[in-house]
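Spelled out, the chains give:
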Amino acid sequence: MNPVHNAASCGVAATAAIIGAKWTALLVHDLSEGPRRFSELEHSCSGISPRTLAERLRELEHEEIVARHSYAESPPRVEYELTAKGEALLPIIDAMRQFGHGWLNCEHHDHSIVSA
């Protein structure tokens, strides 16, 4: 057992530091279904502020979990999608979904996550 759980020496602590932030697991879940625009993510995460959403997306980009794609259109279009590193988180997100359905009386209305 680790005497101290820190992100430098503990895999659980390092992963929790990334996906433990409020909204982050939900954003990864939403992006598991394919690229999304900022407004789509904002709508699906009811209650998230635009500032918090932008901050979380920047953090996920920094961790190379999410890729940001800008398209030179009028009006400009920006989409976010999971990278291979982000897709590697999907089994964790799926386990969270299964736990919620099995133990927390969550309705079965969300989609199963399929990793590529």
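Before any of the text, the structure's been laid out above.
Summarised in this report is the structure supplied together with it. (Residues numbered from 1 in each chain as written. Predicted model: local features only at pLDDT ≥ 70, side-chain atom pairs only at ≥ 80, totals over all residues. Heavy atoms only, no water.)

1. Some details on the overall build of the protein chain
Each helix and strand in the protein chain was counted, giving 6 helices and 3 strands. Taken from N to C terminus, the helices and strands of the protein chain fall in the order α-α-β-α-α-β-β-α-α. Each principal axis of the C-alpha distribution contributes one length, and for the protein chain these read about 55 × 35 × 30 Å. Split into buried and exposed, the 116 residues of the protein chain put 31% on the buried side. (Helix = DSSP H or I, 4+ residues; strand = E, 2+ residues; numbered from the N terminus. Buried < 20%, exposed > 50% of the residue type's maximum accessible area, 1.4 Å probe, protein only.)

2. Focus: the pairing of strand β2 (residues 66-71)
For β2 and strand β3 (residues 77-82), the ladder comprises 6 bridges, and the chain directions are antiparallel. The residue of β3 that forms the bridge with R68 is Y80. The turn linking β2 back onto β3 is made up of 5 residues. (Pairing = 2+ DSSP bridges.)

3. Examining the nonpolar core
In terms of nonpolar packing, the biggest core is built from 19 residues, with V28, L41, I65, V66 and L82 touching the most fellow members. For this core, the secondary-structure elements that each account for two or more residues are α2 (24-31), α4 (50-62), β3 and α6 (90-103). For this core, the leading source of residues is α2, giving 4 residues. Each residue touching I65, except ones within four places of it in the same chain, is listed here: I18, V28, L60, E81, L82, T83, K85, G86 and L89. (Core = buried A, V, L, I, M, F, W, Y, C linked by side-chain atoms within 4.5 Å. Contact = heavy atoms within 4.5 Å.)

4. Quick look at the environment of H69
Relative to the assigned elements, H69 resides in strand β2. Linking H69 and S39, residues 30 residues apart in sequence, is a C-alpha distance of 14 Å. Engagement of the side chain of H69 in a polar contact is seen with the side chain of E81, the distance being 2.7 Å. (Polar contact = N/O pair within 3.5 Å; in protein donor to acceptor, adjacent residues only side chain to side chain.)

5. Looking at the pattern of salt bridges
The final tally for this structure, using the stated rule, is 6 salt bridges. Two residues, R77 and E73, come together in a salt bridge whose shortest N-O distance is 2.9 Å. On the basis of relative accessibility, which here comes to 18%, the residue R77 falls in the buried class. Residues participating in the shared-partner salt-bridge network are E55, R56 and E59. (Salt bridge = Lys/Arg side-chain N within 4 Å of Asp/Glu carboxyl O.)

6. A closer look at unusual backbone geometry
In this structure, the amide linkage connecting S74 to the following residue, P75, adopts the cis form with an omega of 0°. Although it is not a glycine, W23 sits at a positive phi angle of roughly 85°. Tracing the chain through its elements places W23 in the loop between α1 (11-19) and α2. For W23, a relative accessible area of 16% gives the class buried.

7. Overview of a nonpolar patch on the surface
There is a patch of nonpolar side chains on the surface, built from F99, W103 and L104 and spanning about 400 Å² of accessible area. Here L104 lies in the segment after α6. Residue class for L104 comes out exposed when judged on its relative accessible area of 52%. (Patch = residues over 30% accessible without salt bridge, like charges linked within 9 Å, V, L, I, M, F, W, Y side chains within 5 Å. Areas by Shrake-Rupley, 256 points an atom, 1.4 Å probe, with all protein chains shown as cover.)

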